[in-house]
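Commentary on secondary and tertiary structure
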Amino acid sequence: MALKENKIKYCDFVTTIGVGTFARVILVHYRTKNEYYALKMMSIEEIVRLKQTEHVKNERKILAHIKHPFIVNFYWSDRDIRDLYLLLEYVPGGELFSYLRKSIRFNTDIAKFYTCEIILALEYLHSFSIAYRDIKPENLLLDSSGHLKLTDFGFAKYIHDRTYSTVGTPEYLAPEIILSNGHSTAVDWYSLGILIYEFLVGQPPFIDDNPFHIYQKILQENAKFPAKYVDPVAKHLIKKLIIHDRTKRLGNMKNGANDVKNHRWFKNVNWEYVYDRRLQPPIIPSVLHSGDTQNFEQFDDCDVWYMSPISSIEDFVLFADF
Ligand SMILES: Nc1ncnc2c1ncn2[C@@H]1O[C@H](COP(=O)(O)OP(=O)(O)OP(=O)(O)O)[C@@H](O)[C@H]1O
């Protein structure tokens, strides 16, 4: 415990770079290394109250297990009487979401570049039976060279058979999650189909202010494909990814991710080049120095100094191995 607390001692808090449902993410400067990192902080009291204990434990366990060019790097976890901490690589280019909203939609080449990098990240995760379960543009960050880094493993889980919890973001939920039919890594291929659609069209196919109506649309309606933005090959790929029948869903059949990679939409893609980060990124973020936060929303300074409540002993011991 004393040893673990020492880790935080060397971090100077610089500014808040993200506030999610369960976490605050702070840019920290690590004095001994003179480097910047992203510190994800979660209030123990809040995590327990919002029934996220297992999710956070999964997140830590999975982050500690994986290493991939398109997934955010994890360094260590820690806790004190108020918070849980995850020290992550700082990815300074900001969320792909911001770039997508700014440009309204991506052309085929841009959409394809990001899709290729996500496919390799998903293929890697699925090889360990890890379902990511929260594919959306907000969880895709750009590094300083413009390559993708998947972040937020809060809903990721090792799934060896099927699992029944309802997690994810409404617009991206696979039908089997909505129906509580038990789900597996196949849900990520469904969400990838929705993501490609959002890249090309500028919004997901099933939208509504009320999540319940989104679920109804996902279950009952067919996606409409504006021909102006979605060419027939992309349409074919998306339809194969968002197919309700999991046994026919691309990525979830016996050839796994290879069926997706071999789809006509990726005809000229050299997958080794993709893995080696040798494709030219279509957007190069403006990053002036390693601790530059210009690509993130500005948060109130008091967020940095916000103190979570002291957790109860019962809650604290739930995270004994964190
Ligand atoms: N490693 C990182 N580098 C830079 N920014 C990051 C990093 N990790 C997270 N962020 C920023 O912080 C935001 C919130 O982080 P994260 O998504 O992990 O929190 P969360 O509470 O689990 O979110 P959600 O509400 O989506 O569940 C991200 O959307 C991103 O903008």
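To keep things clear, this report deals only with the structure shown in the data block. All values derive from a computational prediction rather than experimental measurement.

1. Here's the deal with the packing of aromatic side chains
Taken as a whole and judged by the stated rule, the model has 15 aromatic pairs. Seen from their ring centres, phenylalanine 22 and phenylalanine 155 are 6.4 Å apart, and the 75 degrees between their planes marks the pair as edge-to-face. Taken as a pair, phenylalanine 22 in the loop between β1 (11-19) and β2 (24-30) and phenylalanine 155 in the loop between β8 (148-150) and β9 (157-158) lie far apart in primary sequence, 133 residues in all. Exposure remark for phenylalanine 22: the relative accessible area of 26% places this residue in the partly exposed category. Judged by its relative accessible area of 14%, phenylalanine 155 is buried. Relative to phenylalanine 199, the ring of phenylalanine 106 lies with its centre 5.5 Å away and its plane at 45 degrees, an arrangement referred to as tilted. Remark: phenylalanine 199 occurs in helix α7 (residues 186-201) and phenylalanine 106 occurs in the loop between α4 (96-103) and α5 (108-127); sequence separation between them is 93 residues.

2. Re the environment of threonine 16
Relative to the assigned elements, threonine 16 resides in strand β1. It is 27 Å that separates the C-alpha atoms of threonine 16 and aspartate 321, two residues lying 305 residues apart in sequence.

3. Topic: the site of the ligand
Neighbouring the ligand are 22 residues; Thr21, Lys40, Glu89, Glu95 and Asp152 lie closest to it. Interatomic distance of 3.0 Å between a backbone N/O atom of phenylalanine 22 and an oxygen atom of the ligand. With respect to the ligand, the backbone of glutamate 89 contributes an N or O atom lying 2.8 Å from a nitrogen atom. Contact with the protein chains covers 92% of the free accessible surface of the ligand, which is 620 Å². Secondary-structure elements contributing two or more residues to the shell around the ligand are β1, β3 (35-43) and β5 (83-89). Of the residues belonging to the shell around the ligand, the class tally is 11 nonpolar, 5 polar and 6 charged. Three or more residues apiece are contributed to the shell around the ligand by two domains, here domain 1 (8-92 + 290-317) and domain 2 (96-275).

4. Brief notes about the sheet that holds β1
Taken in spatial order, the 5 strands line up as β1-β2-β3-β5-β4 in an open sheet, and their pairing is antiparallel. Each end of this open sheet is capped by a strand with a single partner; those strands are β1 and β4 (74-79). Between one strand axis and the next, the sheet turns through 25 degrees on average, direction left out of account. As defined by bridge partners, β2 adjoins β3 across 7 bridges and the pair is classed as antiparallel. Each residue of the ladder has a partner; that of valine 25, found in β3, is lysine 40. Sheet strands in contact with helix α3 (residues 53-65) are β3, β4 and β5, and its direction is about 30 degrees off that of β5.

5. Notes on the side chain of arginine 246
Checked against the element boundaries, arginine 246 lands in the loop between α9 (232-241) and α10 (257-261). Despite being buried, arginine 246 has no salt bridge partner; glutamate 176 is the closest side chain of opposite charge, sitting 4.1 Å away. Those residues in contact with arginine 246 that sit more than four places away from it in its chain are Arg162, Glu176, Asn181, Gly182, His183, Ala186 and Asn252.

6. Concerning the environment of glutamine 294
Within the secondary structure, glutamine 294 sits in the loop between α11 (271-275) and α12 (302-305). Residues glutamine 294 and glutamate 35, 259 residues apart in the sequence, show an inter-C-alpha distance of 17 Å. Within the local environment of glutamine 294, its side chain forms a polar contact with the side chain of serine 286, the two groups lying 3.0 Å apart. Of note is the side chain of glutamine 294, whose polar atom sits 2.8 Å from the side chain of aspartate 292.

Thresholds applied
Residues numbered from 1 in each chain as written. Predicted model: local features only at pLDDT ≥ 70, side-chain atom pairs only at ≥ 80, totals over all residues. Heavy atoms only, no water. Phe/Tyr/Trp six-rings, centres within 6.5 Å; stacked < 30°, edge-to-face > 60°. Helix = DSSP H or I, 4+ residues; strand = E, 2+ residues; numbered from the N terminus. Buried < 20%, exposed > 50% of the residue type's maximum accessible area, 1.4 Å probe, protein only. Near = heavy atom within 4 Å. Polar contact = N/O pair within 3.5 Å; in protein donor to acceptor, adjacent residues only side chain to side chain. Areas by Shrake-Rupley, 256 points an atom, 1.4 Å probe, with all protein chains shown as cover. Nonpolar A, V, L, I, M, F, W, Y, C, P; charged D, E, K, R; others polar. Domains from an automatic or database assignment. Pairing = 2+ DSSP bridges. Axes fitted to C-alpha atoms, helices over the stretch in contact; angles between N-to-C directions. Contact = heavy atoms within 4.5 Å. Lys, Arg positive; Asp, Glu negative; His and termini not counted. Salt bridge = Lys/Arg side-chain N within 4 Å of Asp/Glu carboxyl O.

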